[in-house]
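Tertiary structure, described
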Amino acid sequence: MALVLFLFAALSVFAQEHRCAACHAETVADFQSHKHAKNNMDCGICHGASEKHRTSVGNVPPDQVAAPSEVSKLCGNCHLAEKQQYEQSPHGRAYASEKKVKTANCNTCHGHHALRSWAKQVENCQRCHTTLPASCKAQPTSVNTRVACMSCHARHTLAVSSR
Ligand code: HEC
Ligand code: HEC
Ligand code: HEC
Ligand code: HEC
Ligand code: HEC
Ligand code: HEC
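Parameters and conventions
- Residues numbered from 1 in each chain as written.
- Chains lettered and ligands numbered in written order.
- Predicted model: local features only at pLDDT ≥ 70, side-chain atom pairs only at ≥ 80, totals over all residues.
- Helix = DSSP H or I, 4+ residues; strand = E, 2+ residues; numbered from the N terminus.
- Buried ≥ 20, exposed ≤ 12 C-beta atoms within 10 Å, placed from the backbone.
- Contact = placed C-beta atoms within 7 Å.
- Near = placed C-beta within 6 Å.
- Nonpolar A, V, L, I, M, F, W, Y, C, P; charged D, E, K, R; others polar.

Comments concerning the overall build of the protein
Tallying secondary structure elements over the protein gives 10 helices and 0 strands in all. N-terminal to C-terminal, the α/β element order of the protein is α-α-α-α-α-α-α-α-α-α. The burial tally for the protein puts 9% of its 163 residues in the buried class. Pairs at least 24 residues apart make up 40% of the contacts formed inside the protein by residues separated by at least 6 positions.

Topic: the site of ligand 5
Not every one of the 16 residues close to ligand 5 is listed here, only the nearest: Pro 133, Ser 135, Cys 136, Cys 149 and Cys 152. For the shell around ligand 5, the per-class residue count stands at 11 nonpolar, 5 polar and no charged.

Focus: the site of ligand 6
With respect to spatial proximity, 18 residues lie near ligand 6, and among them Cys 75, His 79, Cys 106, Cys 109 and Thr 145 are the closest. Residue assignment for the shell around ligand 6 shows that the elements contributing at least two residues are α6 (71–76), α7 (80–87) and α9 (106–110). Among the residues forming the shell around ligand 6, the class breakdown is 7 nonpolar, 7 polar and 4 charged.

Side note on the environment of Ser 151
Of note, Ser 151 is situated in the segment after α10 (118–128). Judged by local crowding, Ser 151 falls into the partly exposed class, with 15 C-beta atoms found within 10 Å. Taking the C-alpha atoms as reference, Ser 151 lies 7.8 Å from Thr 141; in sequence the two are 10 residues apart. Apart from the residues lying within four places of it in its own chain, the contact partners of Ser 151 are Pro 140, Ser 142, Val 143 and Thr 145.

Regarding the environment of Val 122
As for its position among the elements, Val 122 is in helix α10. Under the C-beta neighbour-count criterion, Val 122 is labelled partly exposed, with 14 such atoms within 10 Å. For the pair Val 122 and Arg 146, spaced 24 residues apart in sequence, the C-alpha separation works out to 9.6 Å. With residues near it in sequence (within four places) discarded, Val 122 still touches Val 147, Ala 148 and Cys 149.

Some words on unusual backbone geometry
Peptide bonds are mostly trans, and most non-glycine residues show a negative phi. Even without a glycine there, the phi angle at Ser 50 is positive, about 55°. With respect to the element layout, Ser 50 can be found in the loop between α4 (44–47) and α5 (51–55). In this structure, Val 57 is a non-glycine residue whose phi angle is positive, near 50°. Of note, Val 57 is situated in the loop between α5 and α6. On the neighbour-count criterion, Val 57 (9 C-beta atoms within 10 Å) is exposed.

Interpretation in functional terms is not warranted from these geometric data alone.
Shown next, in the form of structure tokens:
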């Protein structure tokens, strides 16, 4: 318990001293739970140093802000396989189509700054996919995934496996 409290206090102090925290305290706190923060990555990886943004109270935009259609390219700098699979999936292709549909990018599923739990991910799928074919209710042949839908749909291509 003491250790937990100590870690919590240490995280809070870190969060307060973070250079973006004066104005984005909640984001900075959320980010501490992400594997990115645990691997010593910081805001700059995705937003650049953003010095002018910081010192102008947000009047100058951050150096880098990925639009929804650019997110996979940003993440693909490090997660190349996921990017390639995603971009050929119906989710990725929807950005390139003329239809203006609300599709899912990497962060729609995973969350921007804190990783979304696997349980929350399933709820999130159903936000957009309100009616599903009967096939989706069948018994999957293998369940080796943390997100139920992915027992049948490959996690990034969405292809239905033939196993
Ligand atoms: C002194 C205050 C302040 C500091 C410090 C600050 N920001 Fe901001 N930031 C703002 C304001 C104000 C906005 C605009 C908020 C809005 O539009 O709702 C903003 C918006 C943003 C956005 C969203 C931009 C968009 O177009 O959607 C990002 C990303 C961002 N800040 C990143 C950072 C990062 C990274 C740091 C640290 C390097 C930082 N900020 C430090 C005030 C600040
Ligand atoms: C792995 C990439 C990544 C990292 C690291 C990251 N962000 Fe972001 N951030 C994004 C993306 C993508 C968006 C969505 C931009 C948009 O509006 O389309 C975003 C949006 C934001 C926004 C706009 C409000 C919101 O939450 O949508 C703020 C403010 C922000 N980031 C601040 C930060 C701060 C502060 C840090 C560090 C503690 C940080 N970000 C780290 C990718 C990242
Ligand atoms: C600069 C390289 C870099 C960038 C850019 C980057 N990541 Fe990561 N990501 C990592 C590293 C390193 C890890 C930690 C891997 C580990 O602990 O196994 C990680 C972990 C993750 C995880 C957790 C995987 C797991 O096993 O739980 C997810 C999800 C993730 N990243 C998604 C994203 C998304 C979405 C973006 C774009 C918004 C992004 N990443 C951008 C390097 C990066
Ligand atoms: C923000 C909305 C949104 C979210 C969230 C979302 N999707 Fe989608 N999904 C779409 C759109 C848009 C398409 C493309 C539909 C089209 O091509 O007509 C799509 C397509 C698909 C397809 C392919 C359908 C086909 O025609 O072959 C599958 C499977 C799928 N999504 C599964 C999921 C799963 C599983 C999740 C959660 C992990 C999820 N989606 C989350 C919007 C979303
Ligand atoms: C037991 C296996 C299985 C599971 C679990 C499953 N699906 Fe499916 N899904 C399928 C099959 C097979 C198809 C294609 C055949 C069809 O359209 O009937 C499909 C098709 C789809 C489509 C395309 C629908 C259309 O109208 O073309 C979407 C979207 C989808 N699934 C989303 C999901 C989501 C979201 C989940 C989790 C809540 C999920 N699936 C869980 C097997 C599954
Ligand atoms: C439709 C939702 C969805 C989208 C969009 C999506 N992912 Fe994932 N991702 C998942 C799920 C679900 C898992 C793992 C589920 C499991 O463990 O069974 C996963 C796993 C991961 C992992 C951990 C390694 C692995 O394969 O298990 C990384 C890293 C990752 N995703 C990065 C990305 C990146 C980068 C993008 C965009 C290019 C992206 N994801 C787009 C749902 C999504």
